[in-house]
Amino acid sequence: MQVNYVKVPLIYHGLFKRLFKTTLNLTGNNLNASVVIRFASEEEIKQLNKKFRQVDNVTDVLSFPMLEITSDKKLEQFESEALPNGIIELGDIAVCKQKAKSQARQYGHSYKRELAFLVVHGYLHLLGYDHMTKEDEKVMMNMAENILLNHGLER
């Protein structure tokens, strides 16, 4: 398991790696995987959102999966996609720090908890979870809350 960081303060590295490990375990994905987490400014995430989703707005988190995985598939089905070192690259997650700060205030919890939620939300998207239907949203939100509770990050 490998997490690479871009503009993410060192203070969050351990937490995000532990959250990644828990996410992989609770979704039944036990292969060696890697992910990139980037902290982005409002302008950067707006540009990414416009370029890749054709939405000209600031958002809180974006996920860029490398695999066409769905929540009912497991990473084992993608072993042929592994790098020579055996790692399967899942993709990238971009988190807008300013949006996370404002949402933390809005929801009445800590900035750390909001960042953790957004990162887990991104991990779940990379693993094929989505929230296009009410049922899928419920599954994804329950999974995210369970992961956060495992780390003492309740609301």
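For the structure, see preceding data.
Residues numbered from 1 in each chain as written. Predicted model: local features only at pLDDT ≥ 70, side-chain atom pairs only at ≥ 80, totals over all residues. Heavy atoms only, no water.

Section: the overall build of the protein
And then number 1: Each helix and strand counted, the protein has five helices and four strands in total.
And then number 2: Seen in sequence order, the protein has helices and strands lined up from the N terminus as β-α-β-α-β-β-α-α-α.
And then number 3: A globule of 155 residues ought to have a C-alpha radius of gyration of about 15 Å, and the protein, at 15 Å, matches this closely.
And then number 4: Taken over the C-alpha atoms alone, the protein extends approximately 40 × 35 × 35 Å along its principal axes.
And then number 5: Looking at the protein as a whole, 40% of its 155 residues qualify as buried.
And then number 6: The contacts in the protein between residues at least 6 apart in sequence include a share of 69% that link residues at least 24 apart.
And then number 7: Here the protein displays about 8500 Å² of accessible surface, and carbon together with sulfur accounts for 48% of that area.
And then number 8: Side-chain charges in the protein split into 20 positive and 19 negative, and the spacing between the mean points of these groups amounts to 7 Å. (Helix = DSSP H or I, 4+ residues; strand = E, 2+ residues; numbered from the N terminus. Rg over C-alpha atoms; globule rule 2.2 N^0.38 Å. Buried < 20%, exposed > 50% of the residue type's maximum accessible area, 1.4 Å probe, protein only. Contact = heavy atoms within 4.5 Å. Areas by Shrake-Rupley, 256 points an atom, 1.4 Å probe, with all protein chains shown as cover. Lys, Arg positive; Asp, Glu negative; His and termini not counted. Charge placed at Lys NZ, Arg CZ, Asp CG, Glu CD.)

A short note on the packing of helix α1 (residues 13-26) against helix α4 (residues 111-126)
And then number 1: The interhelical angle for the contact between α1 and α4, taken along N-to-C directions, is 40 degrees, at an axis separation of 10 Å. Accordingly, the angle class assigned to the pair α1 and α4 is oblique. Taken as a pair, α1 and α4 cross one another with a handedness that is right-handed. Across from Leu15, Phe16, Lys17, Leu19, Phe20 and Thr23 in α1, the residues of α4 making contact are Lys112, Leu115, Ala116, Val119, Val120, Tyr123 and Leu124. (Axes fitted to C-alpha atoms, helices over the stretch in contact; angles between N-to-C directions. Parallel < 35°, antiparallel > 145°, perpendicular 65-115°, else oblique. Left-handed = near helix turned anticlockwise from the far one by under 90°.)

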